[in-house]
Amino acid sequence: RELNLVAFSNGPRKYVSRVLKEIGLARFFAEENLFAVTDVLPHCKPDKGSFDLVLKRIGKPPPEECVMVEDSMKNLRAAKALGMKTILVVGKGRRRNSSSNGSDGSDSSLLLDRNAEDAEATKPGDAPDETDPAVDAVVEVASEIGDVLDMWLGA
């Protein structure tokens, strides 16, 4: 099954391209499927209008056929409200339901607590929360996204 991949950022196009190159995913994204904040003005994520513009530009697929990969809860919730499947990226070592669930008092659970506090400090009210009902799947890093997609596609 072929996937139509889109990168959509509230940052500039140069940023989108650079990040995809740095994480080794640039080859999967056609240039016309890279969207920056300037492509959706006067909207930006999480505004519904921004999603509508991107979906229109890629041929109006039903949101149910789309997957949103995000580290921002507000953007992820907006995608879920439209009917998209969602994957939350929490960051390396920040997954709550790993071997330490944050309740055992170990050094690793204290580190998880500090990581959550750091994320909240930089993104007030928007830090990754894998317990949120808008989250369909959780990964720590981009390299794990394929595993989730394979599972959903039955590969």
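Residues numbered from 1 in each chain as written. Predicted model: local features only at pLDDT ≥ 70, side-chain atom pairs only at ≥ 80, totals over all residues. Heavy atoms only, no water.

Q: I'd like a description of the packing of aromatic side chains, backed by residues and values.
A: For the structure shown, the criterion picks out 1 aromatic pair. Ring plane angle 90 degrees and centroid distance 5.7 Å describe the contact between Phe8 and Phe51, whose orientation is recorded as edge-to-face. Of the two residues, Phe8 is situated in strand S1 (residues 7-8) and Phe51 in helix H2 (residues 48-57); the sequence distance between them amounts to 43 residues. Lying over the aromatic face of Phe8, Lys45 brings its terminal NZ or CZ to 5.2 Å of the ring centre. (Phe/Tyr/Trp six-rings, centres within 6.5 Å; stacked < 30°, edge-to-face > 60°. Helix = DSSP H or I, 4+ residues; strand = E, 2+ residues; numbered from the N terminus. Lys NZ or Arg CZ within 6 Å of the ring centre and 35° of its normal.)

Q: Before we move on, could you go through the sheet that holds strand S3 (residues 67-70) and cite the residues and values that matter?
A: Spatially, 3 strands are ordered S3-S4-S5 in an open sheet, and the strand pairing comes out parallel. Here the strands that pair on one side only, and so sit at the sheet edges, are S3 and strand S5 (137-139). Put simply, the sheet's adjacent strands are angled 20 degrees from each other on average, direction ignored. Seen against the sheet, helix H3 (residues 73-82) touches S3 and strand S4 (85-89) and runs at an angle of roughly 170 degrees to S4. Strands in contact with helix H5 (residues 145-153) are S3, S4 and S5; relative to S4, the strand with the most contacts, it is inclined by about 155 degrees. (Pairing = 2+ DSSP bridges. Axes fitted to C-alpha atoms, helices over the stretch in contact; angles between N-to-C directions. Contact = heavy atoms within 4.5 Å.)

Just geometry here; none of it tells us what the structure is for.
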